[in-house]
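Each chain, letter by letter, is given below.
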Amino acid sequence: METYKRNGIPLSTLNPKFLHTNSTSHTWPFSAIAELIDNAYDPDVCAKQFWIDWTRIKGLDCLSFMDNGAGMNRARLHKMLSFGYSNKEAVKDHIPVGIYGNGFKSGSMRLGMDAIVFTKTKKSMSIGLLSQSYLQAIKAQKIMIPILTFRRDEQNLPEDGASLDAILKYSLFNTEKELFSELRAIISAGPTGTRIIIWNLRTTTSGETEFDFETDKYDIQIRANASENTSDSLAMMPESRYSLRVSECAVNGSCAI
Ligand SMILES: Nc1ncnc2c1ncn2[C@@H]1O[C@H](COP(=O)(O)OP(=O)(O)O)[C@@H](O)[C@H]1O
Ligand SMILES: [Mg+2]
């Protein structure tokens, strides 16, 4: 077995199975969504708006999350998709929610098997893939995260070719044109921002997505039998337990689903 060492001391690396194990900390799916919302409102990102949508891409149900916050350069996106990095500080009295560097990974991988992140700053646009399906397909023994960056000065990195190939082959976006159309969605909302798409969404034992997107087109609701926490009939539960609209409005005072 290949071992990575530093000064002769073996380094710990993360097996792809960790992505699932780590996500089980979220028993309630809205707490996973809250991680993504918190990230957009943390002081270093400061989004003014945040959108959560259900969309269908190539026949698959997806969740999309978009904010018009600061976006990320390549190094930051790499940290976002890796474990244990968080260099957040309070700005005046705006205290960050995330400090452990785990929220995005545990939250996104709780909602679905696969996530792609599109992000734009004033100088660059980057795309990163955190995908359990990809890691399984290539039989990866360690977590790998394809990342590519388009810089405004066009000094793009030649080594991004392998990441581009992996993203086109294993994400829902199989041409560069399709990738650019997602980046354009960010541009339509502001000069900088981040768009996250999650697919292969978690399903119930009967094979339906754990979320019900159809009953109310302006809401995302947890199905009655979706998890141990929602095994009771919905009528017995406060709406904030199963309605994202009610739950988020209660927390943030406004919502844009
Ligand atoms: N929507 C976003 N916009 C800009 N940066 C983000 C966004 N989401 C996550 N990040 C970056 O990714 C890092 C890791 O996020 P996360 O895994 O939630 O850990 P934490 O929030 O504890 O730092 C954040 O510190 C932030 O720098
Ligand atoms: Mg966070």
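By the naming in an unreviewed UniProt entry, the protein chain goes by MORC family CW-type zinc finger 3b and is assigned to Astyanax mexicanus.

1. As for the sheet that holds strand 6 (residues 124-131)
Think of a sheet as strands paired side by side through backbone hydrogen bonds, with each pair either parallel or antiparallel. Across the sheet, six strands lie side by side as 3-4-8-5-6-7; this open sheet has antiparallel pairing. One side of each edge strand has no neighbouring strand; the edge strands of this open sheet are strand 3 (50-57) and strand 7 (147-151). Strand-to-strand twist in this sheet, taken as the mean axis angle between neighbours without regard to direction, amounts to 15°. By the bridge criterion, eight bridges tie strand 5 (residues 112-120) to strand 8 (residues 193-201) in an arrangement that is antiparallel. Considered in strand 8, the bridge of Asp-114 is made with Trp-199. Docked against the sheet, helix 6 (residues 160-170) engages strand 5, strand 6, strand 7 and strand 8, running at close to 115° with respect to strand 7.

2. Topic: the pairing of strand 7
Most of strand 7 sits out of view: four of its five residues are buried. Of the strand pairs in this sheet, strand 6 and strand 7 are connected by five bridges, and their pairing is antiparallel. Counted as the bridge partner of Met-125 is Phe-150 from strand 7.

3. With respect to the side chain of Glu-182
Positionally, Glu-182 belongs in helix 7 (residues 176-189). One polar contact links Glu-182 to Arg-195, side chain to side chain, over a distance of 2.7 Å. Leave out the neighbours within four places in its chain, and Glu-182 touches Phe-118, Phe-173, Arg-195 and Ile-197.

4. A closer look at the pattern of salt bridges
Considering all chains together, one arrives at eight salt bridges under this definition. When the shortest N-O distance is used, the salt bridge between Glu-210 and Arg-110 registers 2.9 Å. In this pair, Glu-210 is assigned in the loop between strand 8 and strand 9 (211-212) and Arg-110 in helix 4 (residues 103-111), connecting sequence segments 100 residues apart. Grouping residues by exposure puts Glu-210 and Arg-110 together as buried.

5. Observations concerning unusual backbone geometry
A negative phi angle characterises most non-glycine residues, just as the trans form characterises most peptide bonds. One non-glycine residue, Asn-7, adopts positive backbone phi at about 50°. Within the fold, Asn-7 resides in the loop between strand 1 (5-6) and strand 2 (9-10).

6. Description of the environment of Ala-162
Here Ala-162 is to be found in helix 6. Note: C-alpha distance between Ala-162 and Ile-147 (15 residues apart in sequence) is 9.1 Å.

7. Some thoughts on the nonpolar core
Ranked by internal contacts, the top residues of the largest apolar core, which has 61 residues, are Phe-65 and Ile-116. Broken down by element, this core gets its largest block of residues, six residues, from helix 2 (residues 29-41). Look past the residues within four positions of Ile-116 in its chain and what remains in contact with it is Ile-127, Gly-128, Leu-129, Ile-167, Ser-171, Phe-173, Leu-179, Arg-195, Ile-196, Ile-197 and Trp-199.

8. Topic: the packing of aromatic side chains
Tallied over the full model, the rule gives 10 aromatic pairs. Ring geometry for Phe-18 versus Phe-83: centroids 5.2 Å apart, planes at 70°, classification edge-to-face. In this pair, Phe-18 is assigned in helix 1 (residues 17-23) and Phe-83 in the loop between helix 3 (74-81) and helix 4, connecting sequence segments 65 residues apart. When its relative accessible area of 29% is taken as the criterion, Phe-18 is described as partly exposed. Judged by centre distance (6.3 Å) and plane angle (40°), the rings of Phe-50 and Phe-65 are tilted.

9. Here's the deal with the packing of helix 2 against helix 4
Axis separation between helix 2 and helix 4 bottoms out at 8 Å; the angle between their running directions is 140°. Relative to helix 4, the element helix 2 is oriented oblique. Between helix 2 and helix 4 lies a crossing whose hand is left-handed. Packed against helix 2, whose contacting residues are Pro-29, Ala-32, Ile-33, Glu-35, Leu-36 and Asn-39, the element helix 4 presents Gly-103, Phe-104, Ser-106, Gly-107, Arg-110 and Leu-111 at the interface.

10. So, the layout of surface pockets
Gaps left between atoms show up when a probe the size of a water molecule is rolled over them. Taken as a whole, the second largest pocket encloses approximately 330 Å³ of empty space. Classifying every residue of the lining of the second largest pocket gives seven nonpolar, four polar and one charged.

11. Looking at helix 2
Quick reminder: α-helices carry 3.6 residues per turn. Residues three or four places apart thus point the same way. Taking 1.5 Å per residue as the helical rise, helix 2 with its 13 residues ought to reach 18 Å, and the 19 Å between its terminal C-alpha atoms agrees with that figure. Buried residues of helix 2: Pro-29, Phe-30, Ala-32, Ile-33, Leu-36, Ile-37 and Ala-40, and no others. Taken end-on, helix 2 shows its buried residues confined to a sector of 155°, consistent with a single buried face.

Conventions and cut-offs
- Residues numbered from 1 in each chain as written.
- Chains lettered and ligands numbered in written order.
- Predicted model: local features only at pLDDT ≥ 70, side-chain atom pairs only at ≥ 80, totals over all residues.
- Heavy atoms only, no water.
- Pairing = 2+ DSSP bridges.
- Helix = DSSP H or I, 4+ residues; strand = E, 2+ residues; numbered from the N terminus.
- Axes fitted to C-alpha atoms, helices over the stretch in contact; angles between N-to-C directions.
- Contact = heavy atoms within 4.5 Å.
- Buried < 20%, exposed > 50% of the residue type's maximum accessible area, 1.4 Å probe, protein only.
- Polar contact = N/O pair within 3.5 Å; in protein donor to acceptor, adjacent residues only side chain to side chain.
- Salt bridge = Lys/Arg side-chain N within 4 Å of Asp/Glu carboxyl O.
- Core = buried A, V, L, I, M, F, W, Y, C linked by side-chain atoms within 4.5 Å.
- Phe/Tyr/Trp six-rings, centres within 6.5 Å; stacked < 30°, edge-to-face > 60°.
- Parallel < 35°, antiparallel > 145°, perpendicular 65-115°, else oblique.
- Left-handed = near helix turned anticlockwise from the far one by under 90°.
- 1 Å grid on protein atoms, 1.4 Å probe; cavity = no way out; pocket = protein on both sides within 12 Å on 5 of 7 lines; lining within 4 Å.
- Points joined across faces, edges and corners; volume = space filled by probe spheres on them.
- Nonpolar A, V, L, I, M, F, W, Y, C, P; charged D, E, K, R; others polar.
- Expected span 1.5 Å × (residues − 1).
- Arc of directions from axis to C-beta.

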